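Fold and geometry: a report
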Number of protein chains: 2
Amino acid sequence: MRHSPVAVLAVASLALVGAGPPPVDAGKPLTPNDIVAAAAPAEWTRISPEDLLVMDLPPDTKGRARRVVIQLMPAPFSQGWIGNIRKLVAARWFDGIAVVRAQDNYVVQWGDPDGEDPNKAKPLPKGLRVVPESEYVAANAKVSDMPFEVPLAGHAARPGNAGKPRVAVRSLDRSLPRDSYASFTGHSTSGWPVAFDSAGIWPVHCYGMVGVGRGLSPDTGTGAELYVVIGQAPRQLDRNIALVGRVIEGIEDLSTMPRGTGPLGFYETAAERTPILSVRMGSGVAGLPAYEYLSTESASFAAYVDKRANRKDDFYIQPAGGVDVCNVPVPVRRVGAVTRPVGK
Amino acid sequence: MRHSPVAVLAVASLALVGAGPPPVDAGKPLTPNDIVAAAAPAEWTRISPEDLLVMDLPPDTKGRARRVVIQLMPAPFSQGWIGNIRKLVAARWFDGIAVVRAQDNYVVQWGDPDGEDPNKAKPLPKGLRVVPESEYVAANAKVSDMPFEVPLAGHAARPGNAGKPRVAVRSLDRSLPRDSYASFTGHSTSGWPVAFDSAGIWPVHCYGMVGVGRGLSPDTGTGAELYVVIGQAPRQLDRNIALVGRVIEGIEDLSTMPRGTGPLGFYETAAERTPILSVRMGSGVAGLPAYEYLSTESASFAAYVDKRANRKDDFYIQPAGGVDVCNVPVPVRRVGAVTRPVGK
């Protein structure tokens, strides 16, 4: 009856993403991890350091350095807010602000703790755009212009969609999408989890995604206040708030922060807040490792999605026959080193 | 351009569940929180202390007491494992074991750190059942015997289902379920998130759900090693591993634990593990508050599900038109006091 704790749930989760191939055992069914580990070098895409935010926090209570690395999204998504964030970083505006909120199963958020008080608020740099709500959805990016990796064979039949699905999943129902929040979900060819319908394409709120805090509509936020998802995907926020990127390294430094005891997880005292030492573009950080993600156009990514939807191996006895877009984290690794992907 | 940090994402998340009605503003659309706060006393169901596990951990680094309260599931779900857990608690077997694993966006797990070593492993009490894999699904519980709250109007048309859906949601497609992992999802009348198809009914892996660690198939675990979900719902584990309950209070004490640096988030040294002081049934804990959950058969729960699927208020501009079963946490509160529900 006794069993190894190390074996427990072992096959269920994504292990470290290494550069080398997995140990070969011809008799063993592959896991998603095996597929990622065996991906060819050409299937990995380098992330430009110009698209990385590097956020340094003070060392933790044990003296360990804390650094969070965020990848910003490419066009056609949220470029108005992302332009603002680049200006804020250039002005070093984020340096000295703080993590102001940690709400369990929801978000960790950083911004100006004095933002509410006009006399004390940190002035924003000039030239920030006021981005309209219409930019929550990339309405001009037609699905036919942008083939998607979707976990549904039925997707190919969509009128106006010239792209063929590269991933066939044994869905319980192949003819229709199986997502509560959108007609279709998948991954953009640029590597991002998205949803789409006839109105356009939009990024989705998965674990580790970074969004722009805002006030009540019609405010859309500037980008000076950001949050990261640390729980069940709050997909109801899709199309209601801007997403600008995802954490690719160091999310543990945010997700383990003590939860705030005020309403919505805001910290009630200054002493509880974690200060942000600095936020820099990756291109300005000496010694930053190079990062790459597994191309969502690659054959290995297609096989990885399929295996995530159909686990059947020494651990799994019942394949799900489907997978949620937020349970398909895009693998990311340091080049020439071992790191963790976002998620499991 | 500047806005209140307190307002940011304010309407998006479930606030404290208080006993009183919300402030009334006739012109304002209700939020899910408003609906829960206004539920009638008779809509709340008391949780028997016989169905609660109370797990005490040592105080945190700031001297704050840490207590995790877990509600066990009722029949027809997982009763073989739950019977074992009751025996383990009666034998005080959990006292002195430890949290051995914390993997980001996945699980926190506790068990015998020496379980791997036959010479050092803590002996299990006699009389534990070896539960077969077939019990992952309650195959004998027909849907027709058990009406469900489902967020889909199409559910009523299911052959053999005598129950009428109490919750109508403006789904993007009313005729079919919108879940990647099961034909149908909803909440059992006993208050639990479930999925079902022609094979039977099974509980699902949402945030805060507690499951039974195990080795490779055909092992199903005894219940001596337990985990709690602390990230995106790992629904691929449904029907592959036993779920036995959910955390109703104190999940923050687990979800914020430092992540283990070993494979799968296991702690690499004994010093990193958090010891478990004791686990007792709620009926044996002096001074334990009474807890109750919002009945999933109540009108307020139906309205709450509907509102979760269709947010449109001062914050939300685009209702989703649907909701994932794991984004409908069943509200739980202390009787006569204010507490937090599981989730948001």
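Residues numbered from 1 in each chain as written. Chains lettered and ligands numbered in written order. Predicted model: local features only at pLDDT ≥ 70, side-chain atom pairs only at ≥ 80, totals over all residues. Heavy atoms only, no water.

Details of the overall build of chain A
The helix and strand inventory of chain A stands at four helices and 15 strands. Evaluated residue by residue, chain A yields a buried proportion of 62% over its 344 residues. For chain A, long-range pairs separated by at least 24 residues make up 71% of all intrachain contacts whose partners lie at least 6 apart in sequence. Carbon together with sulfur atoms contributes 55% to the accessible area of chain A, which is approximately 12300 Å² in total. (Helix = DSSP H or I, 4+ residues; strand = E, 2+ residues; numbered from the N terminus. Buried < 20%, exposed > 50% of the residue type's maximum accessible area, 1.4 Å probe, protein only. Contact = heavy atoms within 4.5 Å. Areas by Shrake-Rupley, 256 points an atom, 1.4 Å probe, with all protein chains shown as cover.)

Let's talk about the environment of Ala182 of chain A
As for its position among the elements, Ala182 of chain A is in the loop between β5 (107-111) and β6 (184-187). The sequence separation of Ala182 of chain A and Ala233 of chain A amounts to 51 residues, and the corresponding C-alpha distance is 14 Å.

Describing the pattern of salt bridges
Across all of its chains, the model carries 30 salt bridges over all chains by this definition. Close ionic contact of Lys28 of chain A with Asp314 of chain A constitutes a salt bridge, the shortest N to O distance being 2.6 Å. Here Lys28 of chain A is found in the segment before α1 (32-37), whereas its partner Asp314 of chain A is found in the loop between α4 (299-309) and β15 (332-334), with 286 residues between them in sequence. When its relative accessible area of 43% is taken as the criterion, Lys28 of chain A is described as partly exposed. The exposure class of Asp314 of chain A is partly exposed, given its relative accessible area of 33%. One salt bridge in this structure joins Asp104 of chain B and Arg259 of chain B, with 2.8 Å as the shortest N-O distance. Of this pair, Asp104 of chain B sits in the loop between β4 (98-102) and β5 (107-111) while Arg259 of chain B sits in the loop between α3 (252-255) and β12 (274-275), and the two are 155 residues apart along the sequence. (Salt bridge = Lys/Arg side-chain N within 4 Å of Asp/Glu carboxyl O.)

A closer look at the sheet that holds strand β4 (residues 98-102) of chain A
All names here are of chain A. Spatial ordering of the open sheet is given by β12-β4-β5-β10-β9-β11-β3-β2-β13, a layout of nine strands whose pairing is antiparallel. Edge strands, defined here as strands with exactly one partner in the open sheet, are β12 (274-275) and β13 (278-281). Lying on the sheet, helix α2 (residues 79-90) is in contact with β2 (52-57), β3 (66-72), β9 (209-212), β10 (226-229), β11 (243-249) and β13; it crosses β13 at an angle near 115 degrees. (Pairing = 2+ DSSP bridges. Axes fitted to C-alpha atoms, helices over the stretch in contact; angles between N-to-C directions.)

Considering the sheet that holds β4 of chain B
Residue and element names in this part refer to chain B. Taken in spatial order, the nine strands line up as β12-β4-β5-β10-β9-β11-β3-β2-β13 in an open sheet, and their pairing is antiparallel. Of all the strands in the sheet, just β12 and β13 (278-281) have a single pairing partner and so form its edges. Bridging between strand β3 (residues 66-72) and strand β11 (residues 243-249) involves four bridges; their strand directions are antiparallel. The residue of β11 that forms the bridge with Gln71 is Arg246. Along the sheet face, helix α2 (residues 79-90) touches β2 (52-57), β3, β9 (209-212), β10 (226-229), β11 and β13 and points at about 115 degrees away from the line of β13.

Details of the pairing of β2 of chain A
All names here are of chain A. Of all six residues in β2, six are buried; the element is thus mostly enclosed. By the alternation rule, side chains of β2 split into Leu52, Val54 and Asp56 and Leu53, Met55 and Leu57, which are all buried. Pairing of β2 with β3, which is carried by six bridges, proceeds in the antiparallel orientation. Residue pairing across strands places Met55 opposite Val68, the latter belonging to β3.

Considering the state of the cysteines
All names here are of chain B. Under the counting rule described, the total for this entry stands at two disulfides over all chains. Between Cys206 and Cys326 runs a disulfide, and the two sulfur atoms are separated by 2.1 Å. Given an S-S torsion of about -75 degrees, the disulfide between Cys206 and Cys326 has left-handed geometry. Pair noted here: Cys206 is in the loop between β8 (200-203) and β9 and Cys326 is in the loop between α4 (299-309) and β15 (332-334), with a separation of 120 residues, a long-range link. By relative accessible area, which is 5% here, Cys206 ends up buried. Judged by relative accessible area, Cys326 falls into the buried class, the value being 6%. (Disulfide = S-S within 2.5 Å.)

Some words on the confidence of the model for chain A
Residues and elements named next belong to chain A. Across chain A, pLDDT averages 82, with 78% of residues at or above 70. Note that residues 1-24 has pLDDT below 50 and, in this model, 92 contacts with residues that lie over four places away or in other chains. Note that pLDDT drops below 50 for residues 338-344; the model gives that stretch 39 contacts with residues more than four away or on any other chain. Confidence estimates for the predicted assembly give a pTM of 0.87 and an ipTM of 0.86. (pLDDT = per-residue confidence, 0-100.)

Looking at unusual backbone geometry
In this model, Ser217 of chain A is joined to Pro218 of chain A through a cis peptide bond whose omega is 15 degrees. Counting through the fold element by element, Pro218 of chain A comes out in the loop between β9 and β10. In this model, Arg239 of chain A sits at a positive phi of 70 degrees, which is unusual for a non-glycine residue. Summarising the element assignment, Arg239 of chain A is placed in the loop between β10 and β11. On the basis of relative accessible area, Arg239 of chain A is assigned to the buried category, the value being 12%. The phi dihedral of Arg92 of chain B falls on the positive side, at around 55 degrees, and the residue is not glycine. Note that Arg92 of chain B resides in the loop between α2 and β4.

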